[in-house]
Amino acid sequence: MEVRNGVFYGVGVGPGDPELLTLKALRTLERCPVIAAPRTRSGEMLALDIVHQAMSLEGKTILPLNFTMSRDPAVLRASHLRASEDIAAHLSAGRDVAMLNLGDVSIYATFGYLMDILTGSGYEAVMVPGVPSFCAVAARLGVSLTTASSPLHILPASRDALEEQLSLPGTKVLMKSGKQLPQAAEALRRKGLLEKAAMVRDCGLPTEQVCRDLQHLRSETGYFATVIVKE
């Protein structure tokens, strides 16, 4: 009897607050026997910790995924291939796998790389959206991201072209600021936008920090820092 391949689900778990997990995310996780969770070098699995606060993981197979923070394309590709092979072993045995992603699965999510690899090998993949971090940050700051006629730009703070992109009209969201925040703040200062920027670090987590005045930023803000520039 031929075994049906499992389905690979990418599940957005929101930025940190377990109450922001959607019903669809929870139902998907309840159905899947295997939960794949990114793990840091220190052994932390933040996305899994968020899910654990919202549902029982009893009886689930937890598959840790180790990714590199390197910017070397070859190193990144190798880590994605290793993770895809681990997931494919379960899919080939007929087990559905849900990969946890902070925020939403379509925004700077590692899931996208693995989805391309696995669908290219003939596996089915399904995306389950989550609350994007910058939407939660906007709510925490009490600001609207757009008006009827203003655009919204989502920018990685580490880009070399950041200062040029800050000239774009409308609201700018600087994602994954972290260690790049001093440089981003300097770019904002040069463009005369520093007073229009605010930041939330670790939105929805116990370590959350809100900074409405980037003039007095510490040099280290952590990886999950999001800046909103509202003009």
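See the structure printed just above.
Residues numbered from 1 in each chain as written. Predicted model: local features only at pLDDT ≥ 70, side-chain atom pairs only at ≥ 80, totals over all residues. Heavy atoms only, no water.

Asker: Teacher, can you tell me more about the overall build of the protein chain here?
Answerer: Counting its secondary structure elements, the protein chain contains 7 helices and 10 strands. Here the C-alpha radius of gyration of the protein chain, 19 Å, is about what a compact globule of 231 residues would show, namely 17 Å. Of all 231 residues assigned to the protein chain, the portion counted as buried reaches 45%. Across the protein chain, the fraction of contacts at a sequence separation of at least 24, relative to all contacts at a separation of at least 6, is 69%. Here the protein chain displays about 12000 Å² of accessible surface, and carbon together with sulfur accounts for 51% of that area. Positive and negative side-chain charges in the protein chain, numbering 24 and 24 respectively, have mean positions lying 2 Å apart. (Helix = DSSP H or I, 4+ residues; strand = E, 2+ residues; numbered from the N terminus. Rg over C-alpha atoms; globule rule 2.2 N^0.38 Å. Buried < 20%, exposed > 50% of the residue type's maximum accessible area, 1.4 Å probe, protein only. Contact = heavy atoms within 4.5 Å. Areas by Shrake-Rupley, 256 points an atom, 1.4 Å probe, with all protein chains shown as cover. Lys, Arg positive; Asp, Glu negative; His and termini not counted. Charge placed at Lys NZ, Arg CZ, Asp CG, Glu CD.)

Asker: Just checking my understanding: could you explain the pattern of salt bridges for this structure?
Answerer: Side chains that differ in sign of charge can pair as their charged atoms come close. As enumerated under the stated definition, the model contains 6 salt bridges in all. Residue Asp96 pairs with Arg4 through a salt bridge whose shortest N-O separation is 3.6 Å. Of this pair, Asp96 sits in the loop between α3 (73-92) and β4 (97-101) while Arg4 sits in the segment before β1 (7-12), placing them 92 residues apart in sequence. Asp96 gets classed as buried once you look at its relative accessible area, which sits at 15%. The shortest N-O distance in the salt bridge between Asp202 and Arg201 comes to 3.4 Å. On the basis of relative accessible area, Arg201 is assigned to the buried category, the value being 19%. Connected through shared salt-bridge partners, Glu163, Glu186, Arg189 and Arg190 make up one network. (Salt bridge = Lys/Arg side-chain N within 4 Å of Asp/Glu carboxyl O.)

Asker: I keep staring at the pairing of strand β7 (residues 171-175) and nothing clicks. Help me out?
Answerer: When a strand is regular, its side chains alternate between the sheet's two faces. Burial analysis of β7 places 5 of its 5 residues in the buried class, which makes it a mostly covered element. Relative to β7, strand β6 (residues 152-156) is paired through 5 bridges, and the arrangement is parallel. Directly across from His153, in β7, lies its bridge partner Lys172. Note: β7 against strand β10 (residues 225-229), 3 bridges, orientation antiparallel. In the strand pairing of β10, Leu174 is matched with Val227. (Pairing = 2+ DSSP bridges.)

Asker: Looking at this model, I keep getting lost on the packing of α3 against helix α4 (residues 111-120). Mind explaining?
Answerer: Axes are the key here: two packed helices are described by the angle between their axes and the distance separating the axes. Across the interface, α3 lies against α4 with an axial gap of 9 Å and an inter-helix angle of 60°. Taken together, α3 and α4 sit at an angle that is classed as oblique. Viewed along their axes, α3 and α4 form a crossing whose handedness is right-handed. Every residue of α4 that contacts α3 at Arg77, His80, Leu81, Ala83, Ser84, Ile87, Ala88 and Leu91 is listed here: Tyr113, Leu114, Ile117 and Leu118. The residue inventory of the contact of α3 with α4, partitioned by class, reads 9 nonpolar, 2 polar and 1 charged. (Axes fitted to C-alpha atoms, helices over the stretch in contact; angles between N-to-C directions. Parallel < 35°, antiparallel > 145°, perpendicular 65-115°, else oblique. Left-handed = near helix turned anticlockwise from the far one by under 90°. Nonpolar A, V, L, I, M, F, W, Y, C, P; charged D, E, K, R; others polar.)

Asker: In this structure, what is going on with unusual backbone geometry? I would like to understand it.
Answerer: Negative phi characterises most residues that are not glycine, and trans characterises most peptide bonds. You will see that Tyr108, though not glycine, has its phi angle at about 50°, which is positive. Take Tyr108: it is sitting in the loop between β4 and α4. Given the relative accessible area of 39%, Tyr108 is considered partly exposed. Despite not being glycine, Asp202 has its phi angle at roughly 55°, a positive value. With respect to the helices and strands, the residue Asp202 is situated in the loop between β8 (197-201) and β9 (209-211).

Asker: Looking at this structure, I do not really get α3. What am I missing?
Answerer: With 20 residues, α3 extends 28 Å between its outermost C-alpha atoms, agreeing within 8% with the 28 Å of an ideal straight helix rising 1.5 Å per residue. Within α3, the full set of buried residues consists of Ser79, His80, Ala83, Ser84, Ile87, Ala88, His90 and Leu91. The inward-facing, buried residues of α3 contact β1, β2 (34-39), β3 (61-66), β4 and α4. A distance of 2.9 Å separates the backbone nitrogen of Ala74 from a side-chain oxygen at the start of α3, and that oxygen is part of Asp72. The positive-phi residue at the C-terminal boundary of α3 is Gly94, with phi of around 90°. (Expected span 1.5 Å × (residues − 1). Polar contact = N/O pair within 3.5 Å; in protein donor to acceptor, adjacent residues only side chain to side chain.)

Asker: Mind showing me how you'd approach the pairing of β3 here?
Answerer: Sheet analysis places β2 next to β3, joined by 6 bridges and oriented parallel. When the bridges of β3 are listed, Val34 appears paired with Thr61. You can see the chain leave β2, run along helix α2 (residues 46-52) and come back into β3, and the turn it takes is right-handed. (Right-handed = clockwise from strand over helix to strand, strands pointing away.)

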